Amino acid sequence: MSVNQSSRKTVLVVARKAGLPKGATCHTFPDSFATHILNGSYDMGTLQELVGHNDVKTTAIWRHLVNRGGKGVKSPSDKL
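So, here's what we can say about the structure.

Analysis parameters
- Residues numbered from 1 in each chain as written.
- Predicted model: local features only at pLDDT ≥ 70, side-chain atom pairs only at ≥ 80, totals over all residues.
- Heavy atoms only, no water.
- Core = buried A, V, L, I, M, F, W, Y, C linked by side-chain atoms within 4.5 Å.
- Buried < 20%, exposed > 50% of the residue type's maximum accessible area, 1.4 Å probe, protein only.
- Helix = DSSP H or I, 4+ residues; strand = E, 2+ residues; numbered from the N terminus.
- Contact = heavy atoms within 4.5 Å.
- Axes fitted to C-alpha atoms, helices over the stretch in contact; angles between N-to-C directions.
- Left-handed = near helix turned anticlockwise from the far one by under 90°.
- Nonpolar A, V, L, I, M, F, W, Y, C, P; charged D, E, K, R; others polar.
- Polar contact = N/O pair within 3.5 Å; in protein donor to acceptor, adjacent residues only side chain to side chain.
- Arc of directions from axis to C-beta.

### What to know about the nonpolar core
Link 1 in the chain: Counting six residues, the largest nonpolar core is built from Ala 34, Ile 37, Leu 38, Met 44, Leu 47 and Trp 62.
Link 2 in the chain: Secondary-structure elements contributing two or more residues to this core are helix 2 (28-39) and helix 3 (44-51).
Link 3 in the chain: Of all the elements, helix 2 adds the most residues to this core, at three residues.
Link 4 in the chain: Ignoring anything within four residues of it in the chain, the contact list for Leu 47 reads Phe 33, Ala 34, Ile 37, Leu 38, Thr 59 and Trp 62.

### Quick word on the packing of helix 2 against helix 3
Link 1 in the chain: At a minimum axis separation of 10 Å, helix 2 and helix 3 run at an interaxial angle of 145°. Taken as a pair, helix 2 and helix 3 cross one another with a handedness that is right-handed. Contacts between helix 2 and helix 3 pair Phe 33, Ala 34, Ile 37 and Leu 38 from the former with Met 44, Leu 47, Leu 50 and Val 51 from the latter.
Link 2 in the chain: Counted by class, the contact of helix 2 with helix 3 contains eight nonpolar, no polar and no charged residues.

### Examining the side chain of Gln 48
Link 1 in the chain: With respect to the element layout, Gln 48 can be found in helix 3.
Link 2 in the chain: Of the polar contacts made by the side chain of Gln 48, one reaches the backbone oxygen of Asn 54; its length is 3.2 Å.

### Here's the deal with helix 3
Link 1 in the chain: Taken together, the buried positions of helix 3 are Met 44, Leu 47 and Gln 48. The buried residues of helix 3 occupy an angular sector of 105° when projected down its axis, which confines them to one face. With respect to the buried face of helix 3, the exposed residues turned more than 90 degrees away are Glu 49 and Leu 50.
Link 2 in the chain: Contacts from the buried residues of helix 3 go to helix 2 and helix 4 (56-59).
Link 3 in the chain: Taking the backbone nitrogen of Gly 45 as reference, a side-chain oxygen 3.0 Å away marks Asp 43 as the first, capping residue of helix 3.
Link 4 in the chain: One or two positions beyond helix 3, positive phi appears at Gly 52, with a value near 80°.

Fair warning: the whole summary comes from geometry, so function is off the table for now.
The structure is reproduced here in structure tokens:
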């Protein structure tokens, strides 16, 4: 993904105005999206389709953003 200089500057300005404690880049958005999808217990295949990757291996780079451990497995009874 190629991001032009104007887009980078816009993201930095907006992040500052929003008072974000850490800096933000154009890559913050897909990383944030992937984190929310994975935290929502969706699988890699779903995320792969949503972001348009041809290979799930490319999508798996976001796996490090979510460390669920044993809590990542949900029982149907958790929804009762």
